[in-house]
Amino acid sequence: MQIEYKRVTKLFSGCGVASLLGVLSYEAYRTYAALTSLVDTRVLDIDRKRPDYIYIKHHIYRQSLRELAASEENRNRWMTAIVQPFEKWWKALKHSVAWRLLRIAQQGDQAERLKAVQQLAQIDHLKDWDFQHLAQLCDYQTAISLARCHSDTRWFLPPRQYGVLLSMREVLGEMKSLLELLAPHKCAVYALEQTFGSSGHIREPDGDEVTYQMSPSRFEYDQLKQSLSALVHLTGLMGEEGKENCRRIIESGGLLQLIEVEKLFQNDIDMKLLVSRVVANLSAFEGRGYEFFASGWLHILARWKRDVDMRIQVTADLTLENLDQDDPNGFRYAPKVYPLHPRGRQQAKPAVDVVFIHGLLGGVFVTWRQKDLKPQAASLLGKKHTSVHLVSTVSPPQTTPTTVTIATTTTKPAPYRGHRTWSAKSSSFEEPHDDKAEEGIASYEDELLTFQESTTPKRRDPSISDTETKELIEALQQEEPLGSDWSVVYPDVPMAGDEAPAGTSSSSGDAFSVSGEQWLQEPLDAGQRSFCWPMEWLPKDFPNIRVIGLNYDSSLSQWSATGCPCEKYDGKLEKRASEFLEKLATSNVGQDRPIIWVGHSMGGLLVKSIMVQALQSSDPRVRRLAENSKVVMFLGTPHRGSSVAKLKQHTSALVWPSVEVRELEENSTQLLHLNKTFLRAVDHLGPRKPEIISLCEGRPTVLTSFKLPIHVVQESSARIDAGDFYMTSEDHLNLSKPICRQSFLYQRLVGAIQAAIREQKGTETKEEIKSHVTPQAHVFTRRNTSGASSALSGLYTQLKQFEQLMNVFI
């Protein structure tokens, strides 16, 4: 009892002491606060250094400024008296020249308008208000011509209220209204049901409070993307259906609604590509240039021509060329036909049409890109690698030149850090990396296909880095001088080749090697890699040809197929060929010039079907597609089908292969019949029979994530029993991707184009001899009609030189 009493006493004592200390602390704080409020602590800073100010009297300061201004005026008075009149005269003169050129571009004849537009496109010295004034005076035809000539973007007025953005839901409602205009069409009804549902209202994301539901903005993004994909299909239909759909969209203000989408997704490459394809399809509808001008689309298209992504550039060029009705050498391109070259106004019609058609799951900017530099290839191109050895084959110099044969030992290539494939959500040619874009929308910078500008290639140092190569060259120089008569075998030299008899092939020269001087001049820097070698390489060798790429959608399985039922279940080879037949004829392909076809895999089958149907047509425009065909190059084309496409019955039911895959089965009756019909039709052409070049894969292709090596097209299927046949060391996917411009594939195509141009020039020379007087009179007439424009062009050039001189004095 006494112990408990002591414990309680100690407890109360402790509590009392703690309470006393708390009260004392609180009172001390209150006392300090009261004293602080009474005493001014700023007196402690009395010794701190303060800034000193000098006060100047106002009248003295004002007088000094007047004297300074007067002295400056006296100093420059003599210069101002001389320069100012000339400056005023020069400003008035250059403004009047621009307005006179604009008047000629609008009211002159065709020759004068073309020259005036060329001069206007070079004007860049005017002020912003001058450009705005000229843009308001410009009509739609002149504006379209200026947009095609890469002129200053200030020539084009921006769309109305371009800085005002609508919400994604408002834009989605406008796209829904466009689809409802086309609702009588079955594809439009299907798109409305799949995208918005049968209720007639914009659907909400599925989910409840328990499960994680999709973000509303992400859900609306997917709906908008599906709507634009449906519009791409509906506006790209051939015949009266496509024209009627384009007319309804344009007349209902669809161009303004598409601008709202472009404003909202300026940094989303997927949306930009879809919008650009819809606009390109609408431009194929004739006589609608004013609607594009009034809506403000010319401002956007002129900016797209300078986009960093080559797909946007090509689509903008296609759209502007369709709208341009003042170009005597222009064409009108149907949907899915992409002009890769030329991409602006030309002085004459092209001499040859080169048409590229990709294969299954390919694309214009996927199939025809340059091959990646692997370790073996890098050493072959002059970079150091221990697995590459050079072997010399010395021949007598008086009979054949010395040949340096490059041989690569069989080694396992270094694995990639990631799987490189093309998709809509990741970069086509970059290493995979984690993207933290909001809501899963892909970043714009990760999906760009940068166009490499044409630059003058720098001459490589003739010394090669490999030690063994140097030893080889030193040994050759000791035995005999290594002069200019040495050559290098192409990196993708065929392992075997069967060439046609002499007189039947148009190839010229050595088909397997290139001269040493030409090899050393090849630019091989990594920064100059091409994402579309037909568009970047061929114009350097043949500026006067036209390069066209055909594009179509395909899939391996019906599960992964997208689009409306007419695309999903009816993608037959014959139907695709008939559609391209009409589109190529509309684009004036091969009407008065030879055609060279290049088809990869399934694209080669499309070429054969196009030529067979063209010869069976009664339309002379369509028949010329086959009659003017000079060269057909097949790259891994399964003429007798592929064993990969032949699936077992239970596997077929599970995979549900697409129509394209079922038609490519091995020994398919349809493919065998097409092959016989094609060879028979080609033989009936007689002397106009085209040259046939076939390349086959000599290495299996690693497919799927299991790394299974598979020969997609066997040699027996790739042989067409006509023309030249080459067995290469490439797999099926890299068969269409040359490693450099000195590649065998590219040089074989160059030789075929050269032969076609020589034959075309010989034909034109004979025709000119028969009608020698008429062209002279025509030239004399054009000189008389373009006198005013030529005088202004010379005056403008002199004014530009005078302006540079005036800038020195001003």
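In this text the structure is predicted, and so the values were computed from the model without any measurement.

**Student:** Go over the overall build of the chain with me, naming the residues and quoting the values.
**Tutor:** When you go through the chain residue by residue, the secondary structure sums to 32 helices and 14 strands. Residue burial in the chain is summarised as follows: out of 810 residues, 46% are buried. Contacts spanning at least 24 positions in sequence make up 79% of the contacts within the chain whose residues lie at least 6 apart. Taken as a whole, the chain presents about 43,500 Å² of accessible surface, with 56% of it coming from carbon and sulfur.

**Student:** An account of the packing of helix α7 (residues 168–181) against helix α11 (residues 254–264) is requested, with residue identities and associated values reported.
**Tutor:** One way to put it is that α7 packs onto α11 with a least axis distance of 10 Å and a crossing angle of 150°. In the crossing of α7 with α11, the sense of the turn from one axis to the other is left-handed. Contacts between α7 and α11 involve Met 168, Val 171, Glu 174, Met 175, Ser 177 and Leu 178 on the former and, on the latter, Gly 254, Gln 257, Leu 258, Glu 260, Val 261 and Leu 264. When grouped by side-chain class, the residues that make up the contact of α7 with α11 number seven nonpolar, three polar and two charged.

**Student:** Report on the packing of aromatic side chains, specifying residues and quantitative values.
**Tutor:** Here the structure, examined in full by the defined rule, presents 14 aromatic pairs. Aromatic side chains Trp 533 and Tyr 746 sit 6.0 Å apart centroid to centroid with 85° between the ring planes, which places their arrangement in the edge-to-face category. Linking Trp 533 in helix α20 (residues 533–536) with Tyr 746 in helix α30 (residues 744–770), this pair joins segments that are 213 residues apart in sequence. Grouping residues by exposure puts Trp 533 and Tyr 746 together as buried. Of the aromatic side chains, those joined through ring pairs into one cluster are Phe 356, Trp 368, Trp 533, Trp 537 and Tyr 746. Looking at Arg 546, its charged tip hangs above the ring of Phe 331, at a distance of 3.9 Å from the centre.

**Student:** Pulling in residues and values, what's your account of the environment of Gly 604?
**Tutor:** Along the chain, Gly 604 turns up in helix α24 (residues 602–616). Residue classification places Gly 604 among the buried positions, given a relative accessible area of 0%. Taking C-alpha positions, Gly 604 is 7.8 Å from Gly 359, a pair spaced 245 residues apart along the chain. Sequence-distant contacts of Gly 604, defined by excluding residues within four places in its chain, comprise Gly 599, Phe 634 and Thr 637.

**Student:** Provide a residue-level description of the environment of Asp 128, including the pertinent values.
**Tutor:** As for its position among the elements, Asp 128 is in helix α5 (residues 128–137). Taking relative accessible area as the criterion, Asp 128 reaches 46% and is therefore assigned partly exposed. A C-alpha to C-alpha distance of 7.2 Å links Asp 128 and Arg 154, two positions 26 residues apart in sequence.

**Student:** If you had to explain the side chain of His 358 to someone new, which residues and values would you point to?
**Tutor:** Position of His 358 among the secondary structure elements: in the loop between β2 (353–357) and α16 (364–367). On the accessibility criterion, His 358 (0% relative accessible area) is buried. With near-sequence residues (within four places) excluded, His 358 lies in contact with Gly 363, Val 364, Thr 367, Trp 368, Leu 550, Asn 551, Tyr 552, His 600, Met 602 and Gly 603.

**Student:** Please give an account of helix α4 (residues 110–121) that cites residues and values.
**Tutor:** Here α4 is twelve residues long and its end C-alpha atoms lie 17 Å apart, about the 16 Å a rise of 1.5 Å per residue gives. The buried fraction of α4 amounts to nine of the twelve residues, a majority that puts the element mostly inside the structure. Along α4, the positions that sit buried rather than exposed are Ala 111, Glu 112, Arg 113, Leu 114, Ala 116, Val 117, Gln 119, Leu 120 and Ala 121.

**Student:** Explain the pattern of salt bridges to me, and be specific about the residues and the numbers.
**Tutor:** All chains considered together, the criterion is met by 37 salt bridges. With a shortest N-O distance of 2.8 Å, Arg 343 and Asp 317 are connected by a salt bridge. Taken together, the positions of Arg 343 in the loop between β1 (337–341) and β2 and Asp 317 in helix α15 (residues 310–323) put the pair 26 residues apart, joining distant regions of the chain. Its relative accessible area of 18% is what places Arg 343 among the buried residues. By relative accessible area, which is 5% here, Asp 317 ends up buried. Among the salt bridges present, the one from Glu 627 reaches Arg 623, with a minimum N-O distance of 3.2 Å. Placement of both Glu 627 and Arg 623 in helix α25 (residues 620–627) is noted, with a separation of four residues, approximately one turn of the helix.

**Student:** With reference to specific residues and values, describe the confidence of the model for the chain.
**Tutor:** Here the chain shows a mean pLDDT of 75. Residues at 70 or above account for 64%. Residue range residues 451–466 is modelled with pLDDT below 50. Its contacts to residues more than four positions away, or to other chains, number 35 contacts. Long-range and interchain partners of residues 772–789, a stretch whose pLDDT sits below 50, account for ten contacts in this model, where long-range means more than four residues apart.

**Student:** Describe the side chain of Ser 694, listing the residues and the values that go with them.
**Tutor:** In this structure, Ser 694 sits in strand β11 (residues 691–696). Residue classification places Ser 694 among the buried residues on the basis of a relative accessible area of 1%.

**Student:** Any chance you could break down the pairing of strand β14 (residues 724–727) for me, citing the residues and the numbers?
**Tutor:** Where burial is concerned, the two faces of β14 agree: the one with Asp 724 and Tyr 726 and the one with Phe 725 and Met 727 are both buried. With four bridges connecting them, β11 and β14 associate as parallel partners. From the neighbouring strand, Ser 694 faces β14, where its bridge partner is Phe 725.

**Student:** Describe unusual backbone geometry, and please don't skip the residues or the numbers.
**Tutor:** At the junction of His 341 and Pro 342, the peptide bond is cis and its omega measures out at -5° in the coordinates. As for its position among the elements, Pro 342 is in the loop between β1 and β2. In this structure, Asp 721 is a non-glycine residue whose phi angle is positive, near 60°. Within the secondary structure, Asp 721 is located in the loop between α29 (715–718) and β14.

**Student:** Describe the packing of helix α23 (residues 573–586) against α25, naming the residues involved and giving the relevant values.
**Tutor:** Two numbers describe how α23 lies on α25: the axes approach to 9 Å, and their chain directions differ by 100°. The angle between the axes of α23 and α25 places the two elements in the roughly perpendicular class. Mapping the contact onto sequence places Leu 581, Glu 582, Leu 584, Ala 585 and Thr 586 in α23 and Arg 621, Val 622 and Leu 625 in α25. A per-class count over the contact of α23 with α25 returns five nonpolar, one polar and two charged.

**Student:** Can you tell me about the pairing of strand β8 (residues 546–550), naming the residues and giving the values?
**Tutor:** With five of five residues buried, β8 lies mostly within the body of the structure. Going residue by residue along β8, you find Arg 546, Ile 548 and Leu 550 tucked away on one face and Val 547 and Gly 549 tucked away on the opposite face as well. In this structure, β2 lies alongside β8, joined through five bridges in parallel fashion. From the neighbouring strand, Ile 357 faces β8, where its bridge partner is Leu 550.

**Student:** Describe a nonpolar patch on the surface, with residues and values.
**Tutor:** Nonpolar side chains collect at one region of the surface, where Val 17, Leu 20, Leu 21 and Leu 24 lie side by side and expose about 390 Å² of accessible area between them. Relative to the helices and strands, Leu 24 resides in helix α1 (residues 2–38).

**Student:** Which residues make up helix α8 (residues 186–196), and what values go with them?
**Tutor:** What sets the pattern is the α-helix's 3.6 residues per turn: residues three or four places apart point alike. Looking only at α8, the buried set comprises Cys 187, Ala 188, Ala 191, Leu 192, Thr 195 and Phe 196. Within α8, the buried residues cover an arc of 135° as seen down the axis, which keeps them to one side.

**Student:** Describe in detail the environment of Leu 258, supporting the description with residues and values.
**Tutor:** Structurally, Leu 258 is set in helix α11. Here Leu 258 falls in the buried class, since its relative accessible area comes to 0%. When the C-alpha positions of Leu 258 and Val 171 are compared, they lie 8.8 Å apart, and in sequence the two are 87 residues distant. Those residues in contact with Leu 258, other than ones at most four positions away along the chain, are Met 175, Leu 228, Val 275, Val 278, Val 279, Leu 282 and Trp 297.

Basis of the calculations
- Residues numbered from 1 in each chain as written.
- Predicted model: local features only at pLDDT ≥ 70, side-chain atom pairs only at ≥ 80, totals over all residues.
- Heavy atoms only, no water.
- Helix = DSSP H or I, 4+ residues; strand = E, 2+ residues; numbered from the N terminus.
- Buried < 20%, exposed > 50% of the residue type's maximum accessible area, 1.4 Å probe, protein only.
- Contact = heavy atoms within 4.5 Å.
- Areas by Shrake-Rupley, 256 points an atom, 1.4 Å probe, with all protein chains shown as cover.
- Axes fitted to C-alpha atoms, helices over the stretch in contact; angles between N-to-C directions.
- Left-handed = near helix turned anticlockwise from the far one by under 90°.
- Nonpolar A, V, L, I, M, F, W, Y, C, P; charged D, E, K, R; others polar.
- Phe/Tyr/Trp six-rings, centres within 6.5 Å; stacked < 30°, edge-to-face > 60°.
- Lys NZ or Arg CZ within 6 Å of the ring centre and 35° of its normal.
- Expected span 1.5 Å × (residues − 1).
- Salt bridge = Lys/Arg side-chain N within 4 Å of Asp/Glu carboxyl O.
- pLDDT = per-residue confidence, 0-100.
- Pairing = 2+ DSSP bridges.
- Parallel < 35°, antiparallel > 145°, perpendicular 65-115°, else oblique.
- Patch = residues over 30% accessible without salt bridge, like charges linked within 9 Å, V, L, I, M, F, W, Y side chains within 5 Å.
- Arc of directions from axis to C-beta.

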